[in-house]
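# Secondary and tertiary structure notes
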Amino acid sequence: MAMKYLKVLKTLHQHLDPQVYFEVGVRAGRSLAHAPHRAVAVDPDLSPLRPVLRDRSGFQFYEQESDAFFRDHRREDVLGDARVDLAFIDGLHHSDQVARDFANVERWCRPGAMVVMHDCWPDRPEIAYRESCPGQWAGDCWRVIPFLRRHRPDLELTVLDSGPTGLLIVRGLNPDSPDVGQYSGELDAEAAAPREQQDREWAAYRAREIAVEPETFLASIGWDAPDENDGEAD
Ligand SMILES: C[S@@+](CC[C@H](N)C(=O)[O-])C[C@H]1O[C@@H](n2cnc3c(N)ncnc32)[C@H](O)[C@@H]1O
């Protein structure tokens, strides 16, 4: 069975030990809980957040949509001289929003940082579009990979076949890069195409991209696999 996304994130936190973690899309805080030090978390609805996390020292919460957060806040005012070391984008599962979240987060990152995006390898079309569905709705986040390959060929993108709907790892960040979010309207146009065309684009994406096992990726960045029974259910 594929390694689940929360276990991938937990491993990245343990291995990279980020001094500043940034998260878009928090819900109860299952992914946020793994941040070892300082964290900035943005979500328009923080009511499901576990109280123990809300009170954790070094955690800063902003109850607003990500576009509004980046419009209202400057990095220097939130982080001072610090920059983001690791970010997880898991907010609204619409590709245009994910593209803007990436562009905004990248400006707050240090150059060697890593950005992780959720839901980028859905295995069936029913869960891979903007219309939400019961269960594992991934949305059309996957469109961001061809979009970034088109507009940001300088980035290093690695798609992970993690459970249940995949992750994208982005490295080689350039905080001074021109704002790729300015092209996010292209993604709206793709999402408005007839369903048969979207099905063909999704199938072409699945055929073109190679998704690697999380264990293979983690080993490539120097991770030593722990014992099978490390107590992590996710
Ligand atoms: C899938 S949940 C996040 C789950 C969490 N990261 C985890 O792994 O447990 C998605 C979250 O995104 C939030 N969200 C929706 N639209 C958003 C937006 N425009 N900006 C930021 N967060 C948003 C929702 O309120 C919800 O809490």
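To keep things clear, this report deals only with the structure shown in the data block. (Residues numbered from 1 in each chain as written. Predicted model: local features only at pLDDT ≥ 70, side-chain atom pairs only at ≥ 80, totals over all residues. Heavy atoms only, no water.)

### A word on helix α8 (residues 195-208)
Applicable threshold: Strands are runs of DSSP state E lasting at least 2 residues, helices are runs of H or I lasting at least 4, and numbering of each runs from the N terminus. For a helix, the expected span equals 1.5 Å multiplied by the residue count minus one. Per-residue accessibility, obtained with a 1.4 Å probe over protein chains only, is compared with the maximum for each type, and a residue is labelled buried under 20%, exposed over 50%, and partly exposed between these values. When we speak of the arc, we mean the arc of directions from the helix axis to the C-beta atoms.
In a regular helix each residue adds 1.5 Å, so 14 residues correspond to 20 Å; α8 covers 20 Å between its end C-alpha atoms and thus fits that length. Within α8, burial applies to Q198, W202 and Y205. With its buried residues spanning 60° around the axis, α8 presents them on a single face. Exposed and facing more than 90 degrees away from the buried side of α8 are E196, R200, A207 and R208.

### Describing the pattern of salt bridges
To be explicit about the condition: Every case where a carboxyl oxygen of Asp or Glu lies within 4 Å of a side-chain nitrogen of Lys or Arg is listed as a salt bridge.
Taken as a whole and judged by the stated rule, the model has 20 salt bridges. R152 is the partner of E106 in a salt bridge, and the nearest nitrogen-oxygen pair spans 2.8 Å. Residue E106 is found in helix α5 (residues 95-108), and its partner R152 is found in the loop between α6 (144-151) and β6 (156-160); the two are separated by 46 residues along the sequence. R152 shares its class with E106; the two are buried. Beyond isolated ion pairs, a larger network of salt bridges with shared partners links D67, D96, R100, R130, D140, R143, D188 and E201.

### Digging into the layout of surface pockets
Using the following cut-off: The way it works is a 1 Å grid over only the protein atoms, where trapped points that fit a 1.4 Å probe form a cavity and open points with protein on both sides within 12 Å along at least five of seven lines form a pocket, and then any residue with an atom within 4 Å of a point lines it. Grid points are joined across faces, edges and corners, and a volume is the space filled by probe spheres set on the points. Charged residues are taken to be Asp, Glu, Lys and Arg, nonpolar residues to be Ala, Val, Leu, Ile, Met, Phe, Trp, Tyr, Cys and Pro, and polar residues to be all remaining types, Gly included.
Here the largest pocket defines a volume of roughly 680 Å³. Lining the largest pocket we find 25 residues, and of these Y5, R27, D90, H93 and H118 sit closest to its centre. Of the residues in the lining of the largest pocket, the class split is eight nonpolar, nine polar and eight charged.

### Section: the site of the ligand
The following threshold applies: Residues are classed as near a molecule or strand on a simple rule: at least one heavy atom within 4 Å of it. In protein, a polar contact requires one atom able to donate a hydrogen and another able to accept it; more generally it is a pair of N or O atoms within 3.5 Å, and residues adjacent in sequence count only if both atoms are side-chain atoms. With residues, only the protein chains shown are counted as cover, and all accessible areas are computed by Shrake-Rupley using a 1.4 Å probe. To be counted as sitting in a cavity or pocket, a molecule needs more than half of its atoms within 2 Å of that site's grid points.
Of all residues adjacent to the ligand, which total 16 residues, the nearest are Y5, G25, S31, D43 and D90. Contact between the ligand and Y5: an oxygen atom at 2.6 Å from a side-chain N or O atom of the residue. A distance of 2.8 Å separates a nitrogen atom of the ligand from a polar atom in the side chain of D90. The fraction of the free accessible surface of the ligand (600 Å²) that becomes covered by protein chains is 86%. Taking a 2 Å distance to the grid points as the criterion, the majority of the atoms of the ligand fall inside the largest pocket. Residue composition of the shell around the ligand, grouped by class: seven nonpolar, four polar and five charged.

### Notes on the nonpolar core
Condition: The term nonpolar core refers to a set of buried residues drawn from Ala, Val, Leu, Ile, Met, Phe, Trp, Tyr and Cys, joined through side-chain atoms within 4.5 Å. Throughout, a contact is declared for two residues whenever any of their heavy atoms are within 4.5 Å.
Ranked by size, the top nonpolar core spans 43 residues in total, and within it F22, F102, V115 and M117 carry the most contacts. Of all the elements, α5 adds the most residues to this core, at six residues. Look past the residues within four positions of F22 in its chain and what remains in contact with it is V40, V42, F69, F70, V84, L86, A87, F88, V105 and W108. V26, M114, L167 and F217 belong to the second-largest nonpolar core, a separate cluster that totals 27 residues.

All we've got here are geometric facts, nothing functional implied.
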